[in-house]
Amino acid sequence: MKILVTGGAGFLGSHLCDRLIERGDSVVCVDNFFTGQRRNIAHLLDHPRFQLIEHDIIEPLTLDVDQIYNLACPASPIHYQHNPIRTVKANTVGMINMLGLAKRTGARILQASTSEVYGDPDIHPQTEAYVGHVNCLGPRACYDEGKRIAETLCMDYHRHNKVDIRIVRIFNTYGPRMHPQDGRVVSNFIMQALNNEDITLYGDGSQTRSFCYVDDLIAAIIAMMDQTKTVGPINIGNPDEMTIKELAEKIIEITGSKSTIVFRNLPADDPKQRQPDITLAKQALNWQPTTNLQEGLKNTIDYFRKNKQNSLV
Ligand code: NAD
Ligand code: UDP
C-alpha cells in the first residue's frame, strides 16, 4: 500500500514510518519540521519506498494514497502553546485538508486524537463513552478543543461523505526519539537526571499519568487502521498508573543520578489523574501493552544517554 504519514518526522510518526517500511509499504512522510527532527527519519531518506515532502497540512495537498495516518500536530504543552492559533489551524484547516484528501482518493484515514479530549477528568479510569471535562478558555484549550473538533470533523465526514475513518485516543506515550527539549515529563526528567540537575516536579507531584511505551502504541494504531470492526474512538495506552513523583523517583533510580527533586508551580488546567480504560482495544484489536515501565524507561534512557555522548541533545 501507499501510505501517507503526516507528522512523520516526529516522535511517534517516525516509529510508524519504520514499521510500515519494514512490512513492505510505500510511505510518504509529510512534515513541516516544527517539532519533528530530520535525524528521526535520516535512515529512511535513501529508501526506495520512502518519500519525504516538507509541507504544512494547513495548506492543501494533492496526492494519491491508500491510507492516511494524521499525526501532524505539536504534542507537548510548550510546543502547542507556542503558537496556539497554528495549533487550532492544524486541527481544523489541516484536518479538513486531510479529510478532503481521504474523500477524493477513497483512502482510509486514522486521526491521532488524545486523552486530552477528556480534559481534567471526573470519571476514572476514562472510557470512550466519557464526554470529557475541558476548559475551553484555558492555555491547553488550543490543543484539547482542537483535537475535539478534529474528532467532530472526522465523524461528520464519515456520516455525510462516507469517508472511512479511524480515531485513536492516545494516552501519554514515551520512548526513543522524544524531543529532548519538548518539556514533556519523561524527556524532561531523563535529561535532568542525566545532567545531575534538579528534577522539576510541578505541583506536589500527586497528579497521575499512565505511560505507554512507543512500540506498544505503534502496534495498536496499525491494528486499528487495518481492522474493519470499529471506527472508534478507541483508547490506546498503558493502564499502569502512577504519580508524577513516583515517576521522578524511578528515573533517578534507573539513571543512578545525583539529582534532587524540586517543586515548581502546577501549570493551569493540569489534569489531576489519567488512566485509560482499554477494554475496547483489547476486544476490538486483540491488543494490550507488553512493555513494562522499567524496560521502556531503560530503552529511553539509553537513547538519551547515547545522544548526549554524541552531543546530539
Ligand atoms: P511530535 O511533536 O514529535 O510530532 C508531531 C509532528 O508533526 C512533528 O514532526 C511536527 O513537525 C509535525 N507537525 C506539526 N504541525 C504540523 C503541520 N501543521 N503540518 C505538518 N507537520 C506538522 O509529537 P508526537 O508525540 O509524535 O505526536 C504525534 C501525534 O500524536 C500528535 O498529533 C499528537 O497530538 C498525538 N498524541 C501524542 C501523544 C504522546 O504521548 N506522544 C499523546 C496523545 C496524542
Ligand atoms: N510535569 C512535571 N515536571 C516537568 C514536566 C511535566 O511535573 O518537568 C508534570 C505535568 O505538570 C503533568 C505531568 O507531568 O502533570 C505530565 O506532563 P506532560 O507535559 O508530559 O503531559 P500532559 O500533561 O499533557 O499529560
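Provided above is the structure to which this section pertains.
Residues numbered from 1 in each chain as written. Chains lettered and ligands numbered in written order. Predicted model: local features only at pLDDT ≥ 70, side-chain atom pairs only at ≥ 80, totals over all residues. Heavy atoms only, no water.

S.K.: Describe in detail the site of ligand 2, supporting the description with residues and values.
M.R.: Near ligand 2 there are 18 residues, and of these Thr200, Tyr202, Arg209, Asp270 and Arg274 occur at the shortest range. Residue Thr200 places a main-chain N or O atom 2.6 Å away from a nitrogen atom belonging to ligand 2. Gln207 is positioned such that a nitrogen or oxygen atom in its side chain is 3.0 Å from an oxygen atom of ligand 2. At the level of secondary structure, the elements contributing two or more residues to the shell around ligand 2 comprise α6 (185–194) and β8 (199–202). A breakdown of the residues in the shell around ligand 2 according to their chemical character gives seven nonpolar, five polar and six charged. (Near = heavy atom within 4 Å. Polar contact = N/O pair within 3.5 Å; in protein donor to acceptor, adjacent residues only side chain to side chain. Helix = DSSP H or I, 4+ residues; strand = E, 2+ residues; numbered from the N terminus. Nonpolar A, V, L, I, M, F, W, Y, C, P; charged D, E, K, R; others polar.)

S.K.: With reference to specific residues and values, describe the site of ligand 1.
M.R.: In the vicinity of ligand 1 lie 28 residues, with Leu12, Asp31, Thr35, Asp56 and Tyr143 positioned nearest. In the model, a nitrogen atom of ligand 1 is placed 3.0 Å from a nitrogen or oxygen of the Ile57 main chain. In isolation ligand 1 has 820 Å² of accessible area, and contact with the protein removes 96% of it. Looking at the shell around ligand 1 element by element, the count peaks at three residues for strand β5 (residues 108–114). For the shell around ligand 1, a count of residues per class yields 14 nonpolar, 10 polar and four charged. (Areas by Shrake-Rupley, 256 points an atom, 1.4 Å probe, with all protein chains shown as cover.)

S.K.: Tell me about the packing of aromatic side chains, and please be specific about residues and values.
M.R.: Counting across every chain of the model gives six aromatic pairs. Taken together, a centroid distance of 4.3 Å and an interplanar angle of 5° make the contact between Tyr80 and Tyr143 stacked. Remark: Tyr143 occurs in helix α5 (residues 141–161) and Tyr80 occurs in helix α3 (residues 77–82); sequence separation between them is 63 residues. The pair Tyr80 / Tyr143 is uniform in exposure class, with both members buried. (Phe/Tyr/Trp six-rings, centres within 6.5 Å; stacked < 30°, edge-to-face > 60°. Buried < 20%, exposed > 50% of the residue type's maximum accessible area, 1.4 Å probe, protein only.)

S.K.: I'd like a rundown of the pairing of strand β1 (residues 2–6), residues and numbers included.
M.R.: Here β1 lies mainly inside the structure; four of its five residues are buried. In terms of strand pairing, β1 meets strand β2 (residues 26–31) through five bridges, oriented parallel. Across the sheet, residue Leu4 finds its bridge partner in β2, namely Val28. In the classification by handedness, the crossover that spans β1, the intervening helix α1 (residues 11–22) and the parallel β2 is right-handed. Looking at chain direction, β1 and strand β4 (residues 67–70) are connected through four bridges and run parallel. Of the residues in β4, the one forming a bridge with Val5 is Tyr69. (Pairing = 2+ DSSP bridges. Right-handed = clockwise from strand over helix to strand, strands pointing away.)

S.K.: Give a description of the side chain of Gln37 that names residues and reports values.
M.R.: With respect to the element layout, Gln37 can be found in the loop between β2 and α2 (38–41). By relative accessible area, Gln37 is classed as buried at 12%. Within the local environment of Gln37, its side chain forms a polar contact with the side chain of Arg39, the two groups lying 3.1 Å apart. For Gln37, the contacting residues outside a window of four places in its chain are Ala9, Arg177, Met178, His179 and Pro180. (Contact = heavy atoms within 4.5 Å.)

S.K.: So what's going on with the pattern of salt bridges? Which residues, and what values?
M.R.: Between side chains of opposite charge, a pair can form when the charged atoms approach closely. Counted by the stated rule, this structure contains 19 salt bridges. The salt bridge involving Lys272 is made with Asp120; its shortest N-O contact spans 2.7 Å. Of this pair, Lys272 sits in the loop between β13 (261–264) and α9 (279–285) while Asp120 sits in the loop between β5 and α5, placing them 152 residues apart in sequence. Residue Glu249 pairs with Lys245 through a salt bridge whose shortest N-O separation is 3.1 Å. Within this pair, Glu249 and its partner Lys245 are both found in helix α8 (residues 244–255), separated by four residues, close to a single helical turn. Residue class for Glu249 comes out partly exposed when judged on its relative accessible area of 37%. (Salt bridge = Lys/Arg side-chain N within 4 Å of Asp/Glu carboxyl O.)

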